[in-house]
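Each chain, written out:
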Amino acid sequence: QSGARINISEGNCPERIVTITGPTDAIFKAFAMIAYKFEEDITNSMSNSTATSKPPVTLRLVVPASQCGSLIGKGGSKIKEIRESTGAQVQVAGDMLPNSTERAVTISGTPDAIIQCVKQICVVMLESPPKGATIPYRPKPASTPVIFAGGQAYTIQGQYAIPHPDQLTKLHQLAMQQTPFTPLGQTTPAFPALTVTGKQRSSTALPLQAITIFPCICPGLDASPPASTHELTIPNDLIGCIIGRQGTKINEIRQMSGAQIKIANATEGSSERQITITGTPANISLAQYLINAR
């Protein structure tokens, strides 16, 4: 009915991406139909609800990060203008979506406000085309968390950790579902080494949503293999994105990986900083993965 081309990504993921392509008018018509459909669903869901106020329709756009600056405007002037003229709430995410160079732009309000808002965003995007290559965001399939303890993989079932059947095959399948990332300073995709039952698997990436590091959950499981140390060098101009504002990102990486991470002070005349990671092989691998992902 809209005349736009509409593609919906595969369905085995927690979220799916709807891509709308075509002339500007066709895109607006498609967005209008989607927004009204969402409002209809909200209205239907409220017929059996005790809530008195109707929640707004909310859409999340996926926008190349290089275009987000134009969308925000100097000192936030453009995004403020869009909010005031359309009545929609617009929020641009601070971080890029996983394994991509795209950011989420969340719009909420009435269907009419959303349609006007999308029109203005499209105008900005036409005036300021993306710079450089865009790595598109692709949702990852949902997967069962895996715990490592003493070189053995376990899955959680209720309150118990069950030894993972055919663990190496399953881990390999999970790893292969991930988009390869390129470590800093390299041009070809490579993966951190992951120690599984004492053997180095140099081609296995640690999927973020497929591995959860816990302290030892079950009595008798050795969750603490001997600690070792690994060193990385990072260019000075990238160290900020790893540390994050007031150290938030590096602290997050420490907590998620369970590794100790020390960043050396800047040395005069050097264009690089040294990062020292200490922990078990699995801790170090996960810390490396998270640093590379940042």
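This report concerns the structure included in the present document. The structure displayed is predicted, hence computed values, not measured ones.

## Quick word on the sheet that holds strand β13 (residues 272-279)
On the basis of which strands lie adjacent, the open sheet formed by three strands has the order β11-β13-β12 and antiparallel pairing. Strands at the two margins of the open sheet, each flanked by one partner only, are β11 (228-235) and β12 (260-263). Each neighbouring strand pair of the sheet contributes to a mean axis angle of 20 degrees, computed without reference to strand direction. Of the pairings in the sheet, the one linking β12 to β13 comprises four bridges and is antiparallel in character. The residue of β13 that forms the bridge with I263 is I275. Packed on one face of the sheet, helix α6 (residues 236-243) meets β11, β12 and β13 and runs near 120 degrees to β11. Where helix α8 (residues 281-293) meets the sheet, its contacts fall on β11, β12 and β13, and the angle it forms with β13 comes to roughly 150 degrees.

## Re the layout of surface pockets
By volume, the largest pocket amounts to about 1,200 Å³. What lines the largest pocket is a set of 36 residues, and nearest its centre among them are V18, T19, I20, F31 and V62. Listed by contribution, the elements that provide at least two residues to the lining of the largest pocket are β1 (5-8), β2 (18-21), α1 (24-46), β3 (57-64) and α4 (111-127). Taken together, the residues of the lining of the largest pocket sort by class into 22 nonpolar, nine polar and five charged.

## A closer look at unusual backbone geometry
The backbone phi angle of N99 is positive, close to 55 degrees, even though this residue is not glycine. Checked against the element boundaries, N99 lands in the loop between β4 (89-92) and β5 (102-109). A positive phi angle is found at Q246, which is not glycine, with a value near 55 degrees. Here Q246 lies in the loop between α6 and α7 (248-257). A residue is classified by how much of its surface remains accessible, and Q246, at 79% relative accessible area, is exposed.

## A look at the sheet that holds β3
With respect to topology, three strands assemble into an open sheet ordered β3-β5-β4, the strand pairing being antiparallel. Across the chains shown, the open sheet's two edge strands, defined by having one partner strand only, are β3 and β4. Across the sheet, the axes of successive neighbouring strands diverge by a mean angle of 20 degrees, strand direction being ignored. Relative to β5, β4 is paired through four bridges, and the arrangement is antiparallel. Of the residues in β5, the one forming a bridge with Q91 is T106. Strands β3, β4 and β5 of the sheet are contacted by helix α2 (residues 65-72), whose axis makes an angle of about 120 degrees with β3.

## Considerations on the packing of α7 against α8
Two elements in contact, α7 and α8, have axes separated by 9 Å at closest approach and are oriented at 150 degrees. In this structure, α7 meets α8 at a crossing whose hand is right-handed. Residues I253, M256 and S257 of α7 touch α8, and the partners they reach there are N283, L286, A287, L290 and I291.

## Things to note about the pattern of salt bridges
Applying the stated criterion across every chain, the model contains seven salt bridges. Of the charged contacts in the structure, one is a salt bridge between E15 and R60, with a shortest N-O distance of 2.5 Å. One end of the pair, E15, is in the loop between β1 and β2; the other, R60, is in strand β3, and 45 residues separate them in sequence. Each of K37, E40 and D41 takes part in a single network of salt bridges with overlapping partners.

## Details of α7
K249, I250, I253 and S257 are the residues of α7 that are buried. When α7 is viewed along its axis, its buried side chains cluster within an angular range of 100 degrees and face the same direction. Residues of α7 that are buried in the fold lie against α6, β12 and α8. Phi turns positive one or two residues past the end of α7, at G258, with a value near 75 degrees.

The rules behind these values
Along every chain, residues carry numbers that run from 1 in the direction the sequence is written. Confidence filtering applies because this is a predicted model: local features only for residues at pLDDT of at least 70, side-chain atom pairs given and counted only at 80 or more, and all residues used for totals across whole chains, interfaces and linings. Processing note: side-chain calculations cover all non-hydrogen atoms of the structure and skip hydrogens and water entirely. Between any two strands, at least two bridges found by DSSP are needed for them to pair. Strands are runs of DSSP state E lasting at least two residues, helices are runs of H or I lasting at least four, and both sets are numbered from the N terminus onward. Axes, fitted as lines to C-alpha atoms, cover a helix only where it is in contact. Angles between the N-to-C directions of the axes lie from 0 to 180 degrees. Only heavy atoms enter the contact rule, under which two residues are in contact if any of them lie within 4.5 Å. With a 1 Å grid laid over protein atoms only, a set of points is called a cavity when a 1.4 Å probe fits there but cannot get out and a pocket when it is open yet has protein on both sides within 12 Å along at least five of seven lines; lining residues have an atom within 4 Å of a point. Grid points are joined across faces, edges and corners, and a volume is the space filled by probe spheres set on the points. Residue polarity follows a fixed list, in which Ala, Val, Leu, Ile, Met, Phe, Trp, Tyr, Cys and Pro are nonpolar, Asp, Glu, Lys and Arg are charged, and the others, Gly among them, are polar. Burial classes: relative accessible area under 20% of the type maximum marks a residue as buried, over 50% as exposed, and values in between as partly exposed (1.4 Å probe, protein chains only). For any pair of crossing helices, the crossing counts as left-handed if the nearer helix is rotated counterclockwise from the farther one by less than a right angle, and right-handed if it is rotated clockwise. A pairing counts as a salt bridge when a side-chain nitrogen of Lys or Arg comes within 4 Å of a carboxyl oxygen of Asp or Glu. The directions considered for the arc are those from the helix axis to the C-beta atoms.

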